[in-house]
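If you want the building blocks of each chain, they are given just below.
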Amino acid sequence: MELADRLAIARSVEPLITSARDLMDQQCRLIPEAVDALRASGITRAAVPLEFGGPQLDPAAQIELVEEFSRIDGALGWCAMIASAASYSCGFLQPDSAKRWFGPTDACMAGQIHPTGQAEKVDGGYVVSGRFRFGSGIAHATMVLAGCLVSENGELIKDDRGRPEMRTVVVEPSKVQVVGNWDTGDLRATGSSDYILDGVFVPEADTYDPAGGPIRQEPLFRFAPLFLAPHDGVPLGIGRRAIDEVVALAEAKGVPAFGPRESPKLRDTVQVQEAVARAEAELGGARALCYDAVGDLWSALQAGQRPDARQRGMHRTAMIWAHEVARKVVNDMYDVASTTAIAHNGTLDRLHRDIATACQHRVVHTRVYAEAGRLLLGLKTGDPTL
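First, a word on scope: everything that follows refers to the structure included in this document.

Basis of the calculations
- Along each chain, the written sequence defines residue order, and numbers are assigned to residues from 1.
- For a predicted model such as this one, the threshold for reporting local features is a pLDDT of at least 70, and the threshold for listing and counting side-chain atom pairs is 80 or more; totals across whole chains, interfaces and linings nevertheless cover every residue.
- Calculation of side-chain values draws on the structure's entire complement of heavy atoms; hydrogens and water are dropped beforehand.
- Secondary structure counts use DSSP, requiring at least four H or I residues in a row for a helix and at least two E residues in a row for a strand, with both numbered from the N terminus.
- Exposure is judged per residue with a 1.4 Å probe applied to protein chains only, and the accessible area is read against the type maximum: over 50% gives exposed, under 20% gives buried, and values in between give partly exposed.
- Per-residue and other accessible areas were derived by the Shrake-Rupley procedure at a 1.4 Å probe size, with only the shown protein chains allowed to occlude residues.
- Only four residue types enter the charge count: Lys and Arg as positive, Asp and Glu as negative, with His and the chain ends excluded.
- By convention, charge coordinates are those of NZ in Lys, CZ in Arg, CG in Asp, or CD in Glu.
- Note on terminology: a nonpolar core comprises buried Ala, Val, Leu, Ile, Met, Phe, Trp, Tyr and Cys residues joined through side-chain atoms within 4.5 Å.
- The criterion used for residue contact is that any of the two residues' heavy atoms lie within 4.5 Å.
- Between rings of Phe, Tyr and Trp, where Trp is taken as its six-membered ring, a pair exists when centres lie within 6.5 Å; planes separated by under 30 degrees are stacked, by over 60 edge-to-face, and by other angles tilted.
- Axes here mean lines fitted to C-alpha atoms, for a helix over just the part in contact, with angles spanning 0 to 180 degrees between N-to-C directions.
- Every angle not falling under 35 degrees, over 145, or within 65 to 115 is termed oblique; those three ranges are roughly parallel, roughly antiparallel and roughly perpendicular.
- Each crossing is labelled by how the near helix is turned from the far one, with a counterclockwise turn of less than a right angle marking it left-handed and a clockwise turn marking it right-handed.
- Three classes are used: nonpolar for Ala, Val, Leu, Ile, Met, Phe, Trp, Tyr, Cys and Pro, charged for Asp, Glu, Lys and Arg, and polar for all others, with Gly counted as polar.
- Residues are said to line a cavity or pocket when one of their atoms sits within 4 Å of a point; the points come from a 1 Å grid over protein atoms alone, cavities being sets where a 1.4 Å probe fits but cannot get out and pockets being open sets with protein on both sides within 12 Å along at least five of seven lines.
- Grid points are joined across faces, edges and corners, and a volume is the space filled by probe spheres set on the points.
- Strands are labelled as partners when DSSP assigns at least two bridges between them.

Scanning the protein chain from terminus to terminus reveals 11 helices and eight strands. Here the C-alpha coordinates of the protein chain stretch approximately 85 × 45 × 40 Å along the principal axes. A burial count over the protein chain gives 52% of its 386 residues as buried. On the protein chain, roughly 16900 Å² of surface is accessible, and the fraction owed to carbon and sulfur atoms is 52%. In the protein chain, 40 side chains carry a positive charge and 50 a negative one; their mean positions are 2 Å apart.

Among the nonpolar cores identified, the biggest contains 91 residues, and Leu30, Phe69, Leu76, Leu226 and Met333 are the most heavily contacted of them. For this core, the leading source of residues is helix α8 (residues 270-302), giving 13 residues. In this structure Met333 touches Ala242, Ile243, Val246, Ala275, Val276, Ala279 and Leu348, once residues within four positions along its chain are discounted. Among the nonpolar cores identified, the runner-up in size contains 19 residues, and Ile138, Ala146, Val150 and Val171 belong to it.

Let us look at the packing of aromatic side chains. Under the criterion given, the structure shown has four aromatic pairs. Ring centres of Phe132 and Tyr195 lie 5.2 Å apart, and the angle between their planes is 20 degrees; on these two criteria the pair is classed as stacked. Remark: Tyr195 occurs in strand β7 (residues 195-203) and Phe132 occurs in strand β2 (residues 125-132); sequence separation between them is 63 residues. Residue Phe132 shares its accessibility class with Tyr195, and that shared class is buried. Ring geometry for Phe134 versus Trp182: centroids 6.3 Å apart, planes at 90 degrees, classification edge-to-face. With a gap of 48 residues between them, Phe134 in the loop between β2 and β3 (143-152) and Trp182 in the loop between β6 (177-178) and β7 connect regions that are remote in the sequence.

Another point: the packing of helix α7 (residues 233-252) against helix α9 (residues 309-336). Here α7 crosses α9 at 20 degrees, and the two axes come no closer than 9 Å. It follows from the interaxial angle that α7 and α9 lie roughly parallel. For α7 against α9, the interelement crossing comes out left-handed. Together, Pro235, Leu236, Ile238, Gly239, Ala242, Ile243 and Val246 of α7 and Ala322, His323, Ala326, Val329, Val330, Met333 and Val336 of α9 make up the contact between the two elements. Taken together, the residues that form the contact of α7 with α9 break down as 12 nonpolar, two polar and no charged.

Quick look at empty space enclosed by the protein now. Per the counting criterion, the structure on display carries three cavities of 30 Å³ or more. Estimates place the volume of the largest cavity at around 60 Å³. Lining the largest cavity are Arg21, Ser70, Arg71, Ile72, Asp73, Gly74, Arg241, Thr347, Arg350, Leu351 and Asp354. Elements that contribute at least two residues to the lining of the largest cavity include exactly α4 (59-72) and α10 (347-358). A total of four residues in the lining of the largest cavity trace back to one element, the largest contributor, which is α10. Classifying every residue of the lining of the largest cavity by side-chain character gives two nonpolar, three polar and six charged.

Moving residue by residue along a regular strand, the side chains alternate between the two faces of the sheet. Judged by how many residues are buried, strand β5 (residues 166-171) sits mostly within the fold: five of six residues are covered. Relative to strand β8 (residues 207-208), β5 runs antiparallel, the two being bridged by two bridges. When the bridges of β8 are listed, Thr168 appears paired with Tyr208.

Our focus in this paragraph is the environment of Gly191. Structurally, Gly191 is set in the loop between β6 and β7. The exposure class of Gly191 is buried, given its relative accessible area of 9%. C-alpha separation for the pair Gly191 and Met24, spaced 167 residues apart in sequence, amounts to 9.3 Å. Setting aside chain neighbours within four positions, we find Gly191 in contact with Cys28, Gly135, Ile138 and Trp182.

In this section: the pairing of β2. The pairing of strand β1 (residues 109-122) with β2 spans five bridges and is classified as antiparallel. Bridged to Val122 within β2 is Gly125. Here seven bridges tie β2 to β7, and the two strands are oriented antiparallel to one another. The partner of Val128 across the bridge, within β7, is Val200.

Structure follows, in structure tokens:
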């Protein structure tokens, strides 16, 4: 399937999403038709190898798909991003296990790799317990990821340097208790609630060491932080939608005029003209930087090279910058739309809240600039996601 066909699948669900936003907010989950579109587009198995029947999409294609889903709806795009990023787990699992989990065409993973749980070593596997945060898309997932610290006889296992051993486990959704505590300003339909595993046995084959490197050696898996690339698409899509909304509004909305002359349209005002031009330049620049940074990484990986410090630093810098720029663009579009923007659950109101929520994610937060800057300055970073 060509990328154009995948993008067409995304666009086909837009009318349904538009009419179902309030329902999705109330239920804190996507409607079934939206989930079907995610699966049909291939984004939920984005990194799954062709060998397992997956699409094995290159990073730029993943970003573009997430971008389009995010333009349609922020929560939809967020779920697309999470599933795309999570699909990289198939490269860390043993082949038989990877095929069993990711081979089905409806495969979709949710969960957290951050090790907040405990995996007690037992014969044949681990007994896992813990509470995990932000299970975005868990309501439609076919498997759930959970990061743990490993223990034996109740004691944490540490290496020679005193670092605890980690294990990431994959379980069926039926073994997970969803807390249902996701209550935010927006991105509500992501259903990013906490989830709990309580004494769940997980076979060794359904686990992997996240610090141990991938088993697969295709370019997609040679640089572990590449799984973060789909994040780029979320702010780019939200920003694009904000500009489009104002352009459409500017053609339809009149501006009060004093005296007998005819009321001008919003588009006739210098403020709106300048704001739209600036927004297009700002978002377009951020978008170009994202695709350029990811393309540079991808070229190195395809050539069998490990990305250098500058490529790694620019990858994350571009990602953070895209979020920062999109937030400004949405704020500016919200401003020029004036009273139209303040309607509760109106499109601009929702976009305003969506981008604010998206920017709080720890991997795109502005505080990560410093670590990216260390790489650009030739210094080492302690951030494993860089």
